[in-house]
Structures are given as structure tokens and as C-alpha cells.
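Residue-level structural notes
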Amino acid sequence: MMKSVPIINHPDYVAQIGDDHRFPIKKFGELIKILKKKNIAKDHNIFRPTEVSKSTLLNVHNEEYINKINNLSLTQEEIRKLGFPLVSSVRRRSFVATGGTVLASKLAVKNKLACNTAGGSHHAFPNQGNGYCVFNDVAVAAKYLKKKYKFEKILILDLDVHQGDGTAKIFENDNSFFTVSIHSKKNYPSKKQSSDIDIELDDGMEDEEYLSIVNRLIKKIESQDFNFVFYVAGVDIHCDDRLGKLNISEAGIRKREKMVINHFFKKKIPLCGVLGGGYNHDFDQLINLHSILHETCNNLLNN
């Protein structure tokens, strides 16, 4: 019998930020459509999250900031840093998408693999949002898992083209979480934080060099006994991305996903995949690239 990877999705992942906004918010609605078309998402393996609870958020974010999002009361400067208009659908999306990563992580514990169709908001700090990230969903879910399952070591592997600066900051003094970020050196954010491992990439890097770096990184951390992995599978490394500075092909992204996910799957370490960034010039191509994460997980379950 075919096995199916649990896929988390909610219609409210698509907030009303205006059609002319540079963030491709509609990708979250279109991604679930292509996953259904590819027969990866079916009725029995699509899960709908609820809003993350305030008590779960408080493990990472401070109360004043949570209240500001809840009451839509950020200052103009805070809204500018966030990059989204602070409207009720953005508020709703932030709580639901974070709930989605929490749910995906719980399902990954049970099924070894699970994926959100959003998530990877790694620029959010405890007291502020940045770069299209309101709440740091992976940090929130990681803290939740540690409490619920008493996990001793959780890996957060961030392969988005931008450094996971918020995540690095949140966990800088906590040895229960191991943060890794492989990112473009000359890209946002201008002020980098210190992850446990940071690998900076030069502009224009191509498949072979990039995949070799990812492979060496996986071997380097292999001896660590992780209980769980969060994988931020940003596709903004693609050669056609508007905000990336790398030159990675679709084939390169497919190889990366297979390399990363297969490594932890073979070792029976549960993995929760989240989307991370993607800002391609070609919207259909962007949806296709994001779907590779879910497709790879699905293929592994059935090999």
C-alpha cells in the first residue's frame, strides 16, 4: 500500500496583502493544488492546523510583541521591518502558519516525516518581526517538542539563501538546539547572527560546489545524536530567484532535498520540512520548486 507524507495546509496561509506586493503570498494556496495534482496530497494526508496558542508562543516570543500582533498595534517602523501590512489576515496567517509547523512537527514524530506548506519564518526575533517573518515558527515548534517529548538535541538545518538570524539569536545560549545556516554571504540580513555552524556562500555559486558543501556539512554533524530535525528548505537558492544571489538549478535543488532528507530518514531521525523562501520571476516555476520538498518525502516513504 502506498504511504503518504502528512501535509499541513490551511486556506488562511494566503493573507490579503495586495496583488502588487513583492512577496508571492498566493504560492501557499497554489502549492497545495499542485501537490493534489501530483497525487502527493490527498484527503487522508492533508491536515488543517489551528492557531498556535499564546502559551506555546511565549516559549519564544515576549508577551508585549505577541499582544502587538494580536491587536494590530505595531508602530510604522516595526511594520516597515516586517515587510507586510499589519492587517487582520496577516495576523491570522501568522498564528495559523505557526500552528501548522507545530502540528507538522508532532506528526513527524509519529510518521518520521511531515511537511508544512508554509513556515520557515527565520528572521523573526523574540520581540520583533523582520523580512516577512512575524513569528519564528520553527523555534516555537522546536521549544514545544523539547517540552512535550523531552528531546535532548534538536537540529535546525536552514538552507534558505538568507541566514536564519532570528533562529540563531533565539538559541544562541541553549545547547539543546543546534542551529546550522548555509546562506549567501552578501545577502539580507546585513547584520548576521552566530549559529552553531554558519557557512557563507559566494555570489553565483553553482550546483556542484553547493552540493559538495551541503554534503560535507551533513558528514560533519553526523556523529551528533539528534532526536529531531527541522529542515528549512528555501528554494531562493535557485538561479532564477529575485532575491537570491546563487546559481542553483532545479536539478540541484532536487539533489539537495534527496541528500538531506534521505540522510536523516535512513537514520530514523524524524524530520519536519518547512518551506522557507522562494521569490522566482516565474510563479509557476516557484510552485514547482517548493513542491520538491513534499515530493521527495513522499518518494522516500514509498521506496
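Predicted model only: the values in this text are computed from it and were never measured.

Below, the discussion takes up the packing of helix H5 (residues 88-111) against helix H6 (residues 137-149). Running from N to C, H5 and H6 point in directions that differ by 45°, and their axes come no closer than 8 Å. As summarised for this structure, H5 and H6 are arranged oblique, according to the angle between their axes. Here the hand of the crossing between H5 and H6 comes out right-handed. Contacts from Thr98, Thr101, Val102, Ser105, Lys106 and Val109 of H5 reach H6 at Asp137, Val138, Val140, Ala141, Tyr144, Leu145, Lys148 and Tyr149. Tallied by class, residues from the contact of H5 with H6 come to eight nonpolar, three polar and three charged.

Turning to the side chain of serine 4, a few remarks are in order. Note on placement: serine 4 falls in the segment before strand E1 (7-8). Among the residues examined, serine 4 registers a relative accessible area of 18% and is labelled buried. At 3.1 Å, the side chain of serine 4 forms a polar contact with the side chain of histidine 44. If near-sequence neighbours (up to four positions away) are discounted, serine 4 is found in contact with Lys42, His44, Asn45, Asn298 and Leu301.

The next thing to look at is the pairing of strand E8 (residues 271-274). What you see with E8 is no split at all: Leu271 and Gly273 on one side and Cys272 and Val274 on the other are buried throughout. Bridge count for strand E3 (residues 113-116) against E8 is three bridges, and the pairing is parallel. Paired with cysteine 115 across the bridge in E8 is glycine 273. Of the strand pairs in this sheet, strand E7 (residues 228-232) and E8 are connected by four bridges, and their pairing is parallel. Each bridged residue has a counterpart across the sheet, and for valine 229 the counterpart in E8 is leucine 271. Taken together, E7, helix H9 (residues 250-266) and E8 form a β-α-β motif whose crossover is right-handed.

Between its first and last C-alpha atoms helix H8 (residues 207-221) spans 21 Å; for 15 residues at 1.5 Å apiece the expected length is 21 Å, and the two agree. Here the buried face of H8 lies against strand E4 (154-158), strand E5 (177-184), strand E6 (197-201) and H9.

Bringing the pattern of salt bridges into the picture now. Tallied over the full model, the rule gives 14 salt bridges. The partner of glutamate 30 in a salt bridge is lysine 33, and the shortest N-O contact between them spans 3.0 Å. Of the two residues, glutamate 30 and lysine 33 both sit in helix H1 (residues 27-37), three residues apart, roughly one turn of that helix. A salt bridge links glutamate 78 to lysine 68; the nearest nitrogen and oxygen atoms lie 2.9 Å apart.

Attention now moves to the packing of aromatic side chains. Scanning the entire structure with this criterion turns up 13 aromatic pairs. Ring geometry for phenylalanine 95 versus phenylalanine 135: centroids 5.1 Å apart, planes at 80°, classification edge-to-face. Here phenylalanine 95, found in helix H5, pairs with phenylalanine 135, found in the loop between E3 and H6; they are 40 residues apart in sequence, far enough to count as distant. Residue classification places phenylalanine 135 among the buried residues on the basis of a relative accessible area of 2%. Counting every residue linked through ring pairs, the aromatic cluster contains Phe23, Phe28, Phe84, Tyr132 and Tyr279. A cation over a ring is seen here: lysine 27 above tyrosine 279, with NZ or CZ 5.5 Å from the ring centre. The lysine or arginine in question, arginine 93, covers the ring of phenylalanine 28, its NZ or CZ lying 4.4 Å from the ring centre.

Now for the pairing of E5. The element E5 is extensively covered by neighbouring structure, given that eight of its eight residues are classed as buried. As defined by bridge partners, E4 adjoins E5 across five bridges and the pair is classed as parallel. What sits directly across from isoleucine 156, in E5, is threonine 179. This β-α-β element, E4 to helix H7 (residues 165-170) to E5, shows right-handed connectivity.

Glancing now at unusual backbone geometry. The step from tyrosine 188 to proline 189 runs through a cis peptide bond, and the omega angle for that step is -5°. As for its position among the elements, proline 189 is in the loop between E5 and E6. Although it is not a glycine, tyrosine 132 sits at a positive phi angle of roughly 70°. If you trace the backbone, tyrosine 132 turns up in the loop between E3 and H6.

Attention now moves to the sheet that holds strand E2 (residues 46-47). On the basis of which strands lie adjacent, the open sheet formed by eight strands has the order E2-E1-E3-E8-E7-E4-E5-E6 and parallel pairing. In this open sheet, the two edge strands, each paired with only one partner strand, are E2 and E6. Against the sheet, helix H10 (residues 283-301) makes contact with E1, E3, E7 and E8, and its axis sits at roughly 165° relative to E3, the strand it touches most.

Conventions we followed
Residues numbered from 1 in each chain as written. Predicted model: local features only at pLDDT ≥ 70, side-chain atom pairs only at ≥ 80, totals over all residues. Heavy atoms only, no water. Axes fitted to C-alpha atoms, helices over the stretch in contact; angles between N-to-C directions. Helix = DSSP H or I, 4+ residues; strand = E, 2+ residues; numbered from the N terminus. Parallel < 35°, antiparallel > 145°, perpendicular 65-115°, else oblique. Left-handed = near helix turned anticlockwise from the far one by under 90°. Contact = heavy atoms within 4.5 Å. Nonpolar A, V, L, I, M, F, W, Y, C, P; charged D, E, K, R; others polar. Buried < 20%, exposed > 50% of the residue type's maximum accessible area, 1.4 Å probe, protein only. Polar contact = N/O pair within 3.5 Å; in protein donor to acceptor, adjacent residues only side chain to side chain. Pairing = 2+ DSSP bridges. Right-handed = clockwise from strand over helix to strand, strands pointing away. Expected span 1.5 Å × (residues − 1). Salt bridge = Lys/Arg side-chain N within 4 Å of Asp/Glu carboxyl O. Phe/Tyr/Trp six-rings, centres within 6.5 Å; stacked < 30°, edge-to-face > 60°. Lys NZ or Arg CZ within 6 Å of the ring centre and 35° of its normal.

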